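Descriptive structure summary
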Amino acid sequence: MFHLMLSVCLLADPALCAERLLPAPAALSEADCRKTAEARAADWLSAHPELAGGESRCLPTEALPRLAMKEIGGGLWVHEGQTALPDPQNRGAIANLSLAIGTEGIAVIDAGASRAEAEALYAAIRARSDLPIRAVILTHMHPDHTFGADLFREAGAEILGAPKLAAGIEARAEGWMESYPTQIGAGALLGTRPVPPDRGVAEEWLDLGGLRLHLQAVPTAHTDNDLTVFEPVSGTLFTGDLVFNGLLPTLDGSLKGWIGWLSAAHPEVRRIVPGHGPAPLPWPEGAQATRAYLEHLRTTIRAAIAEGLPMSAAIRARDPEDARHWTGYEESHPRNASAAYAELEWE
Ligand SMILES: [Zn+2]
């Protein structure tokens, strides 16, 4: 299978250049890749007016840089993102990205932080299978999970997410596209375009041939657009950011809703793939640290409110043990505390 690679530079800063992979919905021979290159490059560039196109070439799958994937059994694969906050060095590639490969099709669970990361995930898929990519399932709106989705749509996949995902992405995308380049570097984002899902899903089965996934939207918790993906044969639940492993959980939805989801039994689940950090983890033990942090946050913020402390004082309070345990504590805990204060103040 051959892939069209197109050199592009940012019109606003011509020193910023990269080579982008333009996927095709069907497997291409080298001759077909060359024959269609010019038209496909022009078509793609028309959707990316911020870029100038240059040379193109056709590369075989094995020549593409690709993400390392860990096989976890049952046709499931995980790429473990770095346990870190997004920065120019990791280029935002901090979220876990997963694959489910059936006998008839493939589903991608979370799409990565940029076009570049999605391309490396796509290359990892094509190194294993040339089956059609049926769906890219987004577990929630945050950019480290969603910014790569556009590439999979070009590859023929339907983008699926919770019913409120489209509104979440539409409300935040512009702000993210302003702040994210300074966080991870503008070069890392060349050709990246946040897109809403094609379809909102409240609850649905997806059949990939010998492998079925159950998609389930969740009441407001980490965000207001969380969605879990469950594979029943292995009992694997892809939790998205309902569970963090190593990186401090970030609250962007409802503290009470999140603790509620973590406290529910979910008896069919045997193991989980969290949104961040090494995977898989046993259930429910693997979610215990996330739950303990959130419950502790609730206790301390409730106490601060009961004492009549203002939000600014409640935010400054820090727990040395939590700070030792979690990566990103100093950066994310104050924001979690202020979100928790705003929510619990009106109890
Ligand atoms: Zn998130």
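Now for a look at the structure at hand. (Residues numbered from 1 in each chain as written. Predicted model: local features only at pLDDT ≥ 70, side-chain atom pairs only at ≥ 80, totals over all residues. Heavy atoms only, no water.)

1. A word on the overall build of the protein chain
Along the protein chain, the regular secondary structure elements total ten helices and 16 strands. The C-alpha atoms of the protein chain give a radius of gyration of 21 Å, which matches the 20 Å a tight globule of 347 residues would have. With the principal axes as the frame, the protein chain shows a C-alpha extent of 70 × 50 × 30 Å. Put simply, the protein chain has 347 residues, and 52% of those count as buried. The long-range fraction of contacts in the protein chain, counting pairs at least 24 apart against all pairs at least 6 apart in sequence, stands at 70%. Approximately 14,300 Å² of the protein chain is accessible, and the part contributed by carbon and sulfur atoms is 54%. Side-chain charges of the protein chain comprise 28 positive and 45 negative groups, with the mean position of each set lying 2 Å from the other. (Helix = DSSP H or I, 4+ residues; strand = E, 2+ residues; numbered from the N terminus. Rg over C-alpha atoms; globule rule 2.2 N^0.38 Å. Buried < 20%, exposed > 50% of the residue type's maximum accessible area, 1.4 Å probe, protein only. Contact = heavy atoms within 4.5 Å. Areas by Shrake-Rupley, 256 points an atom, 1.4 Å probe, with all protein chains shown as cover. Lys, Arg positive; Asp, Glu negative; His and termini not counted. Charge placed at Lys NZ, Arg CZ, Asp CG, Glu CD.)

2. Re the sheet that holds strand E5 (residues 76–79)
In space, the seven strands of this open sheet follow the order E4-E5-E6-E7-E8-E9-E10, with mixed pairing throughout. Two strands bound the open sheet, and with one partner strand each, they are strand E4 (70–73) and strand E10 (199–200). Pairing of strand E7 (residues 106–109) with strand E8 (residues 133–137) involves four bridges; the strand directions are parallel. Bridge pairing links Val 108 to Val 136 in E8. (Pairing = 2+ DSSP bridges.)

3. A word on helix H7 (residues 288–306)
Between its first and last C-alpha atoms H7 spans 27 Å; for 19 residues at 1.5 Å apiece the expected length is 27 Å, and the two agree. Of all the residues in H7, the buried ones are Thr 290, Tyr 293, Leu 294, Leu 297, Ile 301 and Ala 304. Projected down its long axis, H7 shows its buried positions confined to an angular sector of 90°, all on one face. Exposed residues pointing more than 90 degrees away from the buried face of H7 are listed as Thr 299 and Ala 306. On the buried face of H7, the contacting elements are strand E14 (236–244), helix H6 (255–263), helix H8 (311–316), helix H9 (320–325) and helix H10 (329–344). Following H7 by one or two positions, Gly 308 adopts a phi angle in the positive range, close to 80°. (Expected span 1.5 Å × (residues − 1). Arc of directions from axis to C-beta.)

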